[in-house]
Amino acid sequence: MSALQIAQAFDGNINPGLAAIGYGLAAIGPGIGVGLIFSSVISGTARQPEARGVLLGLAWTTFAIVEVLALIGFVVYFIATAV
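Per an unreviewed UniProt entry, the protein chain goes by ATP synthase subunit c and derives from Lentzea albidocapillata.

Draft legend 1. Expanded view of the packing of aromatic side chains. Under the counting rule described, the total for this entry stands at five aromatic pairs. Seen in terms of ring centroids, tyrosine 23 and phenylalanine 74 are 5.4 Å apart; in terms of plane orientation they differ by 55 degrees. Their pairing is tilted. You can see tyrosine 23 sitting in helix α2 (residues 16-47) and its partner phenylalanine 74 sitting in helix α3 (residues 52-82), a full 51 residues away along the chain. In this structure tyrosine 23 comes out as partly exposed when scored by relative accessible area, which is 24%.

Draft legend 2. Spatial organisation of the nonpolar core. Listed in full, the five residues of the largest apolar core are Val34, Ile37, Val41, Ala59 and Val66. Counting residues per element, the ones that place at least two in this core are α2 and α3. Counting residues per element, this core draws most heavily on α2, at three residues. Setting aside its immediate chain neighbours within four residues, isoleucine 37 contacts Ala59, Thr62, Phe63 and Val66.

Calculation rules
Residues numbered from 1 in each chain as written. Predicted model: local features only at pLDDT ≥ 70, side-chain atom pairs only at ≥ 80, totals over all residues. Heavy atoms only, no water. Phe/Tyr/Trp six-rings, centres within 6.5 Å; stacked < 30°, edge-to-face > 60°. Helix = DSSP H or I, 4+ residues; strand = E, 2+ residues; numbered from the N terminus. Buried < 20%, exposed > 50% of the residue type's maximum accessible area, 1.4 Å probe, protein only. Core = buried A, V, L, I, M, F, W, Y, C linked by side-chain atoms within 4.5 Å. Contact = heavy atoms within 4.5 Å.

Rendered as structure tokens:
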């Protein structure tokens, strides 16, 4: 089910304040994810310093993927309030 279908299922009666709270709660997940990613990089670099370059490359890639989840939540917020 796409985000537009979900938004249309509410028949336009969704409260914008409720949508903002939903987006705020959805942003907690990527925030925690970014913290876990970089804490793992710091821990891995402390254990094996020569792997720093590989770990940072993986960290930035996964950071971008996690941030896309937050952007998707932002777009769904606007779709839900525009319907």
